[in-house]
Amino acid sequence: MSKPSVSIIIPTYNEAENIGPLLDKIVEVLESNGYSSFEVIVVDDNSPDGTCNIVRAKGERDPRIKCILRTQEKGLSSAVVTGYKNAKSDIAVVMDADFQHPPEVIPKLIKAIEEGADIAIATRYGKGGGVEGWSRIRLLMSRVATIGVKILIREARNTSDPLSGFFAVRLSTINLEGLKPKGFKILLEILARHPCLKVKEVPYVFKKRRSGESKLGFSVITDFLMQSWEISPMPRFLLVGASGVLVNLLTMWLILKLTGLLDLASIAGIEASILSNFALHETFTFRHYFKRDCLGRGAVKRLLYYHRASLASIITTYIVMRLLVTLLSMNPVLGQFIGILMGFAVNYLLSVETVWECGRYGGC
Ligand code: GDD
Ligand code: MN
């Protein structure tokens, strides 16, 4: 069978020492694996070390190699999208320029796409994957970040390495205009906004950087939080929860004033907050859910299931508070506060698993 045409996309910033040898290696790997139709697109953000010039010099001898020089825009994720928009092939592979992503893995990623995957992710954490030369702390931090991302973003659970920067996609299966590429995490952005993609994984060992140093700095954290606002229901869910507390207290105060009945006032406050939270989750938190036909669960059922989630959350709050106060003699208000956090977690998980289970962007 003849090999498909592929585009390799490499975002760069100050990779003058790595890019030449990397391009040679990629061409060698592709040719020796029988790929005759390919292009390598380097997307460079005007590196002061002249990375783009090195690429262009190579491109004069080998027209399959090109450099797109960006002077207005910046950032890894948007560089990848620029690469996608300029790609001539339907299959596009993204990788780093510093040899941390071994070029030998490229044919395996392409093969996974040929075999039917929409996206093939090179994973450090699947069976057979790994990292080279990381300290225990670095490994732990990466693991924690990966788990955190999976809690926040449902679609990230389809892969063991949602923070990977090495993957292949079939471009016709994704909507480039719908991506908001901020920061580093372009894979996460693609996965979250396309919940139906067929994912395959290819394990690999993440190598040490050959030359220069990582550009991944502290801003990845703030960038990630900003990205989470878009692609995870969690921040909106939290905000709505906080508004529910206000609704609860106001209603209780009002009913108490009108009737003088404490139990009635308290229960009315709780119910009012459940109803207002529900309305806000439907119109705000999970707004996109309704753009696509999810599982066809009716509104009445959703309301009922949301009551169940809220009830479970209240019971959790109470039990946690009771345990902390009784067993650890904790301050009751602190105990209640920790109880509320646990109750929130239960409410969130039940909501995304049983009420609006297709996440922020709808299911398949
Ligand atoms: N065009 C462009 N613009 N390229 C950039 C920019 C930018 O602002 N910042 C970084 N790059 C390029 C680098 O030159 C390199 O080729 C690639 O993007 C990855 O950057 P590194 O600085 O080497 O990132 P890293 O090694 O710390 O992080 C890698 O591993 C992470 C997982 O541990 C990346 O692949 C991340 O995406 C990945 O999450
Ligand atoms: Mn790197």
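In what follows, the accompanying structure is described. (Residues numbered from 1 in each chain as written. Chains lettered and ligands numbered in written order. Predicted model: local features only at pLDDT ≥ 70, side-chain atom pairs only at ≥ 80, totals over all residues. Heavy atoms only, no water.)

### Some thoughts on the coordination of the manganese ion (ligand 2)
Now for step 1: Here the manganese ion (ligand 2) is held by Asp98 (OD) and Gln100 (OE1), and the distances to it run 1.9 to 2.0 Å. Neither residue differs from the other here; aspartate 98 and glutamine 100 are each classed as buried. (Donors = N, O, S within 2.8 Å, 3.2 Å for Na, K, Ca; no water. Buried < 20%, exposed > 50% of the residue type's maximum accessible area, 1.4 Å probe, protein only.)

### What about the site of ligand 1?
Now for step 1: Close contacts around ligand 1 come from 24 residues, with Glu15, Asp96, Leu163, Ser214 and Lys215 the closest.
Now for step 2: Interatomic distance of 2.6 Å between a backbone N/O atom of leucine 163 and an oxygen atom of ligand 1.
Now for step 3: Relative to its unbound accessible area of 740 Å², ligand 1 is 93% covered by the protein chains.
Now for step 4: Every element with two or more residues in the shell around ligand 1 is listed here: β1 (6-12) and α3 (76-86).
Now for step 5: Partitioned by chemical class, the residues of the shell around ligand 1 number 10 nonpolar, 6 polar and 8 charged. (Near = heavy atom within 4 Å. Polar contact = N/O pair within 3.5 Å; in protein donor to acceptor, adjacent residues only side chain to side chain. Areas by Shrake-Rupley, 256 points an atom, 1.4 Å probe, with all protein chains shown as cover. Helix = DSSP H or I, 4+ residues; strand = E, 2+ residues; numbered from the N terminus. Nonpolar A, V, L, I, M, F, W, Y, C, P; charged D, E, K, R; others polar.)

### Focus: the sheet that holds strand β3 (residues 65-69)
Now for step 1: Strand order in this open sheet of 7 strands is β3-β2-β1-β4-β7-β5-β8, and the pairing throughout is mixed. In this open sheet, the two strands that pair with only one neighbour each are β3 and β8 (199-203). Sheet twist, expressed as the average angle between the axes of neighbouring strands with direction ignored, equals 20°.
Now for step 2: In the sheet, β1 pairs with strand β2 (residues 38-44) via 7 bridges, with the strands oriented parallel. The residue bridging proline 11 from the neighbouring strand is valine 43, located in β2. (Pairing = 2+ DSSP bridges. Axes fitted to C-alpha atoms, helices over the stretch in contact; angles between N-to-C directions.)

### Overview of the state of the cysteines
Now for step 1: Under the definition given, this model contains 1 disulfide.
Now for step 2: A sulfur-sulfur distance of 2.0 Å marks the disulfide that ties cysteine 52 to cysteine 67. On the S-S bond that ties cysteine 52 to cysteine 67, the torsion sits near -120°, and the link is left-handed. Placement of cysteine 52 in helix α2 (residues 51-61) and of cysteine 67 in strand β3 is noted, with a sequence separation of 15 residues between them.
Now for step 3: Given the relative accessible area of 4%, cysteine 52 is considered buried.
Now for step 4: With a relative accessible area of 9%, cysteine 67 lands in the buried category. (Disulfide = S-S within 2.5 Å.)

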